[in-house]
Amino acid sequence: MSLNLRQKQTECIARMLNLNQPLNATTGTANEEVYKILIYDKFCQNILSPLIHVKDLRKHGVTLYFLIDKDRKPVHDVPAVYFVQPNQSNVQRIVSDASRSLYQSLHLNFSTSIPRPLLEDLASGTLNSDSIHRISKVHDQYLEFVTLEDNLFSLAHKSCYVQLNDPSAGDREIEELVEKIVGGLFCVLATLAVVPVIRCPRGGPAEMVASALDQRIRDHLLSKNNLFTEGGNFVSSFQRPVLCIFDRNFELPVAIQHDFRYRPLVHDVLGLKLNRLSVQGEKGGMRSYELDSSDSFWVANGLLEFPEVAVEIETQLNKYKKDVDEVNKRTGGTHGAEFDGTDLIGNTKHLMNAVNSLPELTERKQVIDKHTNIATVLLGEIKERSLDSYAKKENDMMVRGGIERGELIGVLKGKGTKMDKLRFAIMYLISSESINQSEVEAVEAALRESEVDTAAFQYVKKIKSLNVSLASANSASRSNIVDWAEKLYGQSISAVTAGVKNLLSNDRQLALARTVEALIEGRPNPETDSYLSFDPRAPKSGSGASSGHLKGPFKEAIVFMIGGGNYVEYGSLQELAQHQQPAKHIIYGTTEILTGVDFVEQLTLLGQKMGLGNVGSSSTSAQ
């Protein structure tokens, strides 16, 4: 029972588009075709766009589709399917649509469970306008997350890291954010219909989310028609997945570093969003491409370093040319020979084969052209910004725990955007075991010379120096610093600099992948022995954490990163899953998928909130 999130979510959406009728197993559509209109909000549009294309909408009888907040003309004799978030403005809009009799009937699907007060607003609004008969059904769909690949999802919560680490954030705001994250994770588990065993490090956002999610699932399991009944027969821990929850501060550098593998590069440099990107075409003008699981080249080569991808494109092109020549040779007929009937039969067969192989060849050529174009644009950026050198030097710094001063300043005065330099400077800070004051001042001066806002750099420096004073302070003053620090940064202190050397062992396995491996195997391990376990199906013990029979091993894992994830971590976990014997299955999810630039902008914001940075300097976001 492999957990395929993309497939499960697509099935839920198909059912919704067919007015929640059971679907025919062979066609994947409802038995009787009903033409209908689809109305969604911006958030739900983003849920649909990586999964459903226009041709799929047609297949499910959707003839027109609109955003809910646009002015729409009435289509009286057609039902409308609504797919929207349950919020005040959407409910008001639905009431207004019903009262104006825009459509024959309204099938309402909320992306997650609609709160009682909003349901009452909906009821009273449609009653008052005498249009309640237009509302055909109301469904809670539990689909409030964006699935980008079979094993990759995002809750699409913006600026989570800033909100969690903002020194001025009150308890109430933090609780609301935790509640929102729990809601999104609950939707993912409900869609997969599994109740996992939950593991997380102690303290900080990870524990808050794990504990609240445990409670949310417990409460839900008490209701009669709960969403997990079909998974109810998997009682032993061997059949259940483990959900490992982490907070971005667990491993900060991954969110900042330059990476030289294909998938992270395309995301970081070309701004892949919701599986789409636009690049300059060969003949001028912008070309828009989709990169998802239907693109075999992307799936097969996403984890390769860029130069290997270039070689692979070349190989595929030569193979394609050879196959085309082969077809031409076969259909060319025999020259000069006498023409007899048997040859005609042979030739017709060749022609048939050639005609049949044309669509496949055309498709291969399109994929090759697409990746040639993307790789060409990437190569231009790599050369212009020396991205290969950034990636290599950052990796060396992490492994060696530092860098020669001359080399450091050389990079900051060399090629690259302001953001490239700022990211490199922060990687230098994180990787250095101790802070060399004069060196740090030289770095700040070099950054200012390039007109870079140093707020993010100073923010990380502040956390780092706190860390050092924590290590050296005696126990009495230490507890004061800890109180202050935890108020200020949540749990981020020790995490930012926790033994950087072991973050990247020789095979470059990320700390996250190593920890997840330990949690899946369930063997005693000093790094994970102190992790909390929650089992929402087990009776609650005093500490909230559950007993030891749930230590694994597990066949499947869901890894969730609070505060922003990226394609580097995703790739690292997919590699881990493939190298396990037998192969394991790992789904990776996060509050939002961020490029290095996006993440450093959040660090900049935190620095500015603390009054750090060169005030009045131009913003770093000038790419």
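Above: the structure in question.
Residues numbered from 1 in each chain as written. Predicted model: local features only at pLDDT ≥ 70, side-chain atom pairs only at ≥ 80, totals over all residues. Heavy atoms only, no water.

1. Side note on the sheet that holds strand β4 (residues 103-110)
Keep this limit in mind: Note on pairing: two strands pair once DSSP finds at least 2 bridges between them. Each helix is a run of H or I in the DSSP string that is no shorter than four residues. Each strand is a run of E no shorter than two, and both are numbered from the N terminus. As a rule, the C-alpha atoms of each element are fitted with a line to give its axis, helices using only the stretch in contact, and angles between N-to-C directions run from 0 to 180 degrees.
Here we have five strands laid out as an open sheet, ordered β2-β1-β3-β4-β5, and parallel in their pairing. The two strands at the open ends of the sheet, each matched to only one other strand, are β2 (62-67) and β5 (135-140). Direction aside, the axes of adjacent strands within the sheet are offset by 20° on average. The sheet contact formed by strand β1 (residues 36-40) and strand β3 (residues 75-84) spans four bridges and is parallel. Within β3, the residue paired with I37 across the bridge is A80.

2. Here's the deal with helix α7 (residues 171-192)
The cut-off we apply is this: In this analysis, the expected span of each helix is defined as 1.5 Å times one less than the number of residues it contains.
An ideal rise of 1.5 Å per residue puts 32 Å on 22 residues; α7 measures up with 32 Å between its terminal C-alpha atoms. Residue A193 follows α7 closely and has a positive phi angle near 55°.

3. Structural notes on the side chain of R385
As a reminder of what qualifies: Burial status follows relative accessibility: with a 1.4 Å probe on protein chains alone, a residue under 20% of its type maximum counts as buried, one over 50% as exposed, and anything between as partly exposed. Note on definitions: a residue-residue contact is assigned when non-hydrogen atoms from the two residues lie within 4.5 Å.
Mapped onto the fold, R385 is located in helix α12 (residues 341-385). For R385, a relative accessible area of 6% puts it in the buried group. For R385, the residues in contact, after removing those within four places along its chain, are V269, Y390, K415, G416, T417 and D420.

4. Some details on the sheet that holds strand β13 (residues 556-562)
Within a sheet, each strand pairs with its neighbour through backbone hydrogen bonds, oriented either parallel or antiparallel. One open sheet holds the seven strands; their spatial order is β6-β7-β14-β13-β9-β8-β12, and the pairing between them is mixed. Only two strands of the sheet have a single partner each, and these edge strands are β6 (146-149) and β12 (532-534). Here the average twist between neighbouring strands, direction ignored, is 20°. Taken strand by strand, helix α1 (residues 5-17) contacts β6, β7 (152-154) and β14 (585-590), and its axis lies near 135° from that of β6. In the packing of α7 onto the sheet, contacts are made with β7, β9 (242-247), β13 and β14, and the angle to β13 comes to roughly 160°.

5. Description of unusual backbone geometry
Residue L19 is not a glycine yet carries a positive backbone phi of 55°. The topology assignment puts L19 in the loop between α1 and β1. Residue L19 is classed as buried on the basis of its relative accessible area, which comes to 12%. One non-glycine residue with positive phi stands out, namely L274, at about 50°. With respect to the helices and strands, L274 occurs in the loop between α9 (262-270) and β10 (276-280). Its relative accessible area of 27% is what places L274 among the partly exposed residues.

6. Here we look at the packing of helix α14 (residues 405-412) against helix α16 (residues 437-449)
Between two packed helices, what matters for the description is the angle formed by their axes and the separation of those axes. So the rule is basically this: Orientation labels follow simple angle bins: below 35 degrees gives roughly parallel, above 145 gives roughly antiparallel, 65 to 115 gives roughly perpendicular, and whatever is left gives oblique. Each crossing gets its hand from how the near helix is turned against the far one by less than a right angle, where anticlockwise is left-handed and clockwise is right-handed. Following the grouping adopted for this structure description, the nonpolar residues are Ala, Val, Leu, Ile, Met, Phe, Trp, Tyr, Cys and Pro, the charged ones are Asp, Glu, Lys and Arg, and the polar ones are all others, Gly among them.
One way to put it is that α14 packs onto α16 with a least axis distance of 9 Å and a crossing angle of 15°. Between α14 and α16, the crossing angle belongs to the class labelled roughly parallel. Seen along the crossing, α14 lies across α16 with a hand that is right-handed. In this structure, α14 uses R405, L408, I409 and L412 to contact α16, whose residues at the interface are S438, E439, A442, V443, A446 and L447. Each residue belonging to the contact of α14 with α16 can be placed in one class, and the counts come to seven nonpolar, one polar and two charged.

7. Focus: the pairing of β14
Selection criterion: The definition of a right-handed crossover adopted here requires that, viewed with the strands pointing away, the path from the first strand over the helix to the second runs clockwise.
Burial analysis of β14 places six of its six residues in the buried class, the great majority of the element. Burial along β14 is two-sided: the residues H585, I587 and G589 and I586, Y588 and T590 are all buried. Here β7 pairs with β14 via three bridges, running parallel. The residue bridging S154 from the neighbouring strand is T590, located in β14. As judged from the six bridges shared by β13 and β14, these two strands associate in the parallel manner. Bridging from a neighbouring strand, I558 pairs with I587 of β14. Note that the unit made of β13, helix α21 (residues 567-579) and β14 has a crossover that is right-handed.

8. A short note on the pairing of β4
Counting buried positions along β4 yields seven of eight residues, so the element is predominantly enclosed. Two strands pair when backbone bridges link them, and β3 and β4 are joined in this way by seven bridges, in the parallel orientation. Directly across from A80, in β4, lies its bridge partner L106. Regarding topology, helix α4 (residues 88-99) serves as the crossover connection from β3 to the parallel β4, and that connection is right-handed. Relative to β5, β4 is paired through five bridges, and the arrangement is parallel. The residue bridging H107 from the neighbouring strand is K137, located in β5. One crossover worth recording links β4 to the parallel β5 by way of helix α5 (residues 116-128), and it is right-handed.

9. What about empty space enclosed by the protein?
Counted only if it meets this: Here a cavity denotes grid points, spaced 1 Å and computed from the protein atoms alone, that fit a 1.4 Å probe unable to get out, and a pocket denotes an open set having protein on both sides within 12 Å along at least 5 of 7 lines; residues with an atom within 4 Å of a point are the lining. Grid points are joined across faces, edges and corners, and a volume is the space filled by probe spheres set on the points. Start and end positions for the domains come from either an automated domain assignment or a database one.
A full pass over the atoms with the stated rule returns five cavities of 30 Å³ or more. Space inside the largest cavity adds up to approximately 110 Å³. Along its surface, the largest cavity is lined by 15 residues, and Q257, D268, N566, V568 and G596 are the ones closest to its centre. Secondary-structure elements contributing two or more residues to the lining of the largest cavity are α9 and α21. Tallying contributions element by element places α9 first for the lining of the largest cavity, with three residues. Among the residues forming the lining of the largest cavity, the class breakdown is seven nonpolar, five polar and three charged. Built from parts of two domains, the lining of the largest cavity gets at least three residues from each of domain 2 (148-251 + 510-605) and domain 3 (262-336 + 346-385).

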